[in-house]
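Each chain is listed here by its residues.
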Amino acid sequence: MQQRPPKLSEIAERLDISAATVSNALSGKGRVSADLARRIRQVADELGYVPSLSARALRTGLTGVIGLGVLPDIGNPLFPQIAQAIENAATDAGLGVLIADSRGSIKAQTEAIRHLKDHGVDGMIVVPRRGTRVANIGCPVAMIDSPSTPGNTVSADHWGGGFLLGEHLAALGHHKVLLVGNNHDSIVQNDRLGGVRAALSSVTTETVWLDGAAFAGGAGFDATRWYAKGFTAFVTVSDLQALKVLTHLQDAGVSVPAMASVSGFDDLMFASAVTPGLTTVRMDMPAVAAIAIGALKQAIETRTDADTVQAVQDRVPMTLVIRRSTGPAQQE
């Protein structure tokens with residue numbers, strides 16, 4: 001015989017409190033102390049309590065589920081980290097998460113947003129591709145992109161992170177720095193490279209934009225050619241690109257960092273494992289996710305009409321992580 005799922009009243013009886021207090025703690029509403037809320041969640045987990053979404057919807061008009069709509073490319077190693085941070089923050093706020101992958105397509109992302117709304121989510125977190133429509137979808141949307149993106153809710157301070165990296169390279173004495181991106185239309189990439197450029201205002205910089213195919217096959221980009229032109233530092237918009245530039249230089253006999261410096265963004269898992277370890281700029285995704293979820297939950301509960309929600313804090317500082325892939329410029 002299948003065991004009957006536990007009820008709120010059983011959790012309340014175990015702790016000698018009211019069922020209303022249990023409900024408030026598990027839904028994140030009402031005045032429940034942090035310690036009591038923790039004990040309630042612990043007992044709920046021990047008993048295997050699973051909230052009834054249909055009952056909640058009938059009682060409040062809300063399902064308690066949001067959509068993570070929609071990651072530009074869930075195959076990119078950065079985006080599972082973003083998804084995990086958002087899911088953790090949502091769980092802490094008493095919300096469930098449905099995830100849809102746009103497979104890197106603007107059309108697919110727009111369709112995925114509609115699909116999530118059809119599944120009755122109360123709101124959405126969107127990490128957009130340029131051109132994705134998030135207006136008039138019928139529920140609040142918290143957007144995570146870049147502070148300069150119209151309608152952005154909260155994000156890492158990509159420009160500020162780039163500025164930190166630029167200051168680091170300037171202090172190392174680099175006079176010619178190559179900036180490498182792979183999507184000229186990306187606001188995040190433009191902000192990152194813009195911050196680097198601003199910090200290197202007295203230094204010669206040049207920017208090249210390469211699509212993924214050019215990087216993957218090596219066509220259209222030769223790091224050693226730029227090194228021969230006197231460029232001693234290479235800044236890429238992601239650790240994935242930095243790894244490719246690093247490998248290209250090393251295979252050609254250009255020692256890093258003795259002869260050239262290489263840096264990226266995101267501090268992916270491999271950044272500290274490669275040789276030399278990559279200097280990079282790290283996002284505080286747990287902080288970004290917590291702010292986005294908090295703003296979205298407030299908009300949901302107050303029935304805010306606006307399509308995109310605003311947060312009190314719209315950007316979170318990035319952290320420069322210095323490793324051995326950057327060093328002093330060669331003396332001429």
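Residues numbered from 1 in each chain as written. Predicted model: local features only at pLDDT ≥ 70, side-chain atom pairs only at ≥ 80, totals over all residues. Heavy atoms only, no water.

Q: Account for the overall build of the chain, with residues named and values stated.
A: If you tally the helices and strands in the chain, you get 12 helices and 12 strands. With 332 residues in all, the chain has 48% of them scored as buried. For the chain, restricting intrachain contacts to residue pairs at least 6 apart in sequence, the fraction spanning at least 24 positions comes to 70%. Accessible surface for the chain amounts to roughly 16100 Å². Of this, 51% is attributable to carbon and sulfur atoms. (Helix = DSSP H or I, 4+ residues; strand = E, 2+ residues; numbered from the N terminus. Buried < 20%, exposed > 50% of the residue type's maximum accessible area, 1.4 Å probe, protein only. Contact = heavy atoms within 4.5 Å. Areas by Shrake-Rupley, 256 points an atom, 1.4 Å probe, with all protein chains shown as cover.)

Q: Would you mind going over the sheet that holds strand S7 (residues 204-209) in detail, with residue names and values included?
A: Taking strand neighbours across the sheet as the criterion, the four strands line up as S7-S6-S8-S9 in an open arrangement whose pairing is parallel. Whereas interior strands pair on both sides, the edge strands pair on one side only; in this sheet they are S7 and strand S9 (261-263). Averaged over all pairs of adjacent strands, the angle between their axes in this sheet comes to 15°, without regard to strand direction. Pairing between strand S6 (residues 176-181) and strand S8 (residues 233-236): four bridges, direction parallel. (Pairing = 2+ DSSP bridges. Axes fitted to C-alpha atoms, helices over the stretch in contact; angles between N-to-C directions.)

Q: Help me get a handle on helix H5 (residues 78-92), residues and values and all.
A: Between its terminal C-alpha atoms H5 stretches 22 Å, which fits the 21 Å expected from 15 residues at 1.5 Å a residue. Where H5 is concerned, the buried positions are Leu78, Phe79, Ile82, Ala83, Ala85, Ile86, Ala89 and Ala90. Down the axis, H5 shows its buried residues gathered within 165° of arc, on one side only. Away from its buried face by more than 90 degrees, H5 exposes Gln84, Thr91 and Asp92. One or two positions beyond H5, positive phi appears at glycine 94, with a value near 80°. (Expected span 1.5 Å × (residues − 1). Arc of directions from axis to C-beta.)

Q: Now, about helix H1 (residues 8-15): what can you tell me, with residues and values included?
A: Buried within H1 we find Ile11, Ala12 and Leu15. Buried residues in H1, looked at end-on, bunch into an arc of 100°, giving them a common side. Just past H1, the residue aspartate 16 takes up positive phi, approximately 60°.

Q: Would you mind going over the nonpolar core in detail, with residue names and values included?
A: Ranked by size, the top nonpolar core spans 48 residues in total, and within it Ile66, Ile86, Ile125, Val177, Val235 and Ile293 carry the most contacts. Those elements giving two or more residues to this core turn out to be strand S1 (65-71), H5, helix H7 (158-171), S6, helix H8 (187-199), S8 and helix H12 (285-301). Sorting elements by how many residues they give to this core places H12 first, with 10 residues. Trp226, Tyr227, Leu249 and Val254 belong to the second largest nonpolar core, which has 21 residues in total. (Core = buried A, V, L, I, M, F, W, Y, C linked by side-chain atoms within 4.5 Å.)

Q: Account for the environment of alanine 171, naming residues and giving values.
A: Relative to the helices and strands, alanine 171 resides in helix H7. Alanine 171 sits 29 residues away from leucine 200 along the chain, and the two C-alpha atoms are 9.9 Å apart.

Q: Can you break down unusual backbone geometry residue by residue, with the values?
A: Keep in mind that most residues, glycine aside, have a negative phi and that most peptide bonds are trans. Omega for the bond connecting valine 256 with proline 257 falls within 30 degrees of zero, at 10°, which places this linkage in the cis form. Turning to its location among the elements, proline 257 is positioned in the loop between helix H11 (239-251) and S9. The residue after threonine 275, namely proline 276, is reached through a cis peptide bond having omega -5°. The topology assignment puts proline 276 in the loop between S9 and strand S10 (280-282). Within the chain, aspartate 16 stands out as a residue other than glycine whose phi angle is a positive 60°. As for its placement among the helices and strands, aspartate 16 is situated in the loop between H1 and helix H2 (19-27). Despite not being glycine, aspartate 267 has its phi angle at roughly 50°, a positive value.

Q: Account for the environment of threonine 279, naming residues and giving values.
A: Position of threonine 279 relative to the elements: it lies in the loop between S9 and S10. Taking the C-alpha atoms as reference points, threonine 279 and glycine 264, separated by 15 residues in sequence, lie 6.6 Å from one another. Those residues in contact with threonine 279, other than ones at most four positions away along the chain, are Leu165, His168, Val262, Ser263, Gly264, Leu320, Val321, Ile322, Arg323, Arg324, Ser325 and Thr326. Polar side-chain contacts of threonine 279 include one of 2.8 Å to the side chain of threonine 326. (Polar contact = N/O pair within 3.5 Å; in protein donor to acceptor, adjacent residues only side chain to side chain.)

Q: Before we move on, can you summarise the packing of aromatic side chains with the specific residues and values?
A: A full pass over the atoms with the stated rule returns two aromatic pairs. Ring plane angle 20° and centroid distance 5.5 Å describe the contact between tryptophan 159 and phenylalanine 163, whose orientation is recorded as stacked. In this pair, tryptophan 159 and phenylalanine 163 are both assigned in helix H7, four residues apart and thus about one turn of the helix distant. The partly exposed category is assigned to tryptophan 159, whose relative accessible area is 41%. Aromatic side chains tryptophan 226 and phenylalanine 231 sit 5.4 Å apart centroid to centroid with 80° between the ring planes, which places their arrangement in the edge-to-face category. A relative accessible area of 6% places tryptophan 226 in the buried class. (Phe/Tyr/Trp six-rings, centres within 6.5 Å; stacked < 30°, edge-to-face > 60°.)

Q: I'd love a proper account of the pattern of salt bridges, names of residues and values included.
A: Think of it this way: side chains of opposite charge can pair up when their charged atoms draw near. This model, assessed by the stated rule, comprises seven salt bridges. Here arginine 39 and aspartate 35 are joined by a salt bridge, their closest N and O atoms 3.9 Å apart. Here aspartate 35 and arginine 39 lie together in helix H3 (residues 34-47), a separation of four residues that amounts to about one turn. You can call arginine 39 partly exposed: its relative accessible area is 34%. Aspartate 266 serves as the salt-bridge partner of arginine 192, at 2.8 Å between the closest nitrogen and oxygen. In this pair, arginine 192 is assigned in helix H8 and aspartate 266 in the loop between S9 and S10, connecting sequence segments 74 residues apart. (Salt bridge = Lys/Arg side-chain N within 4 Å of Asp/Glu carboxyl O.)

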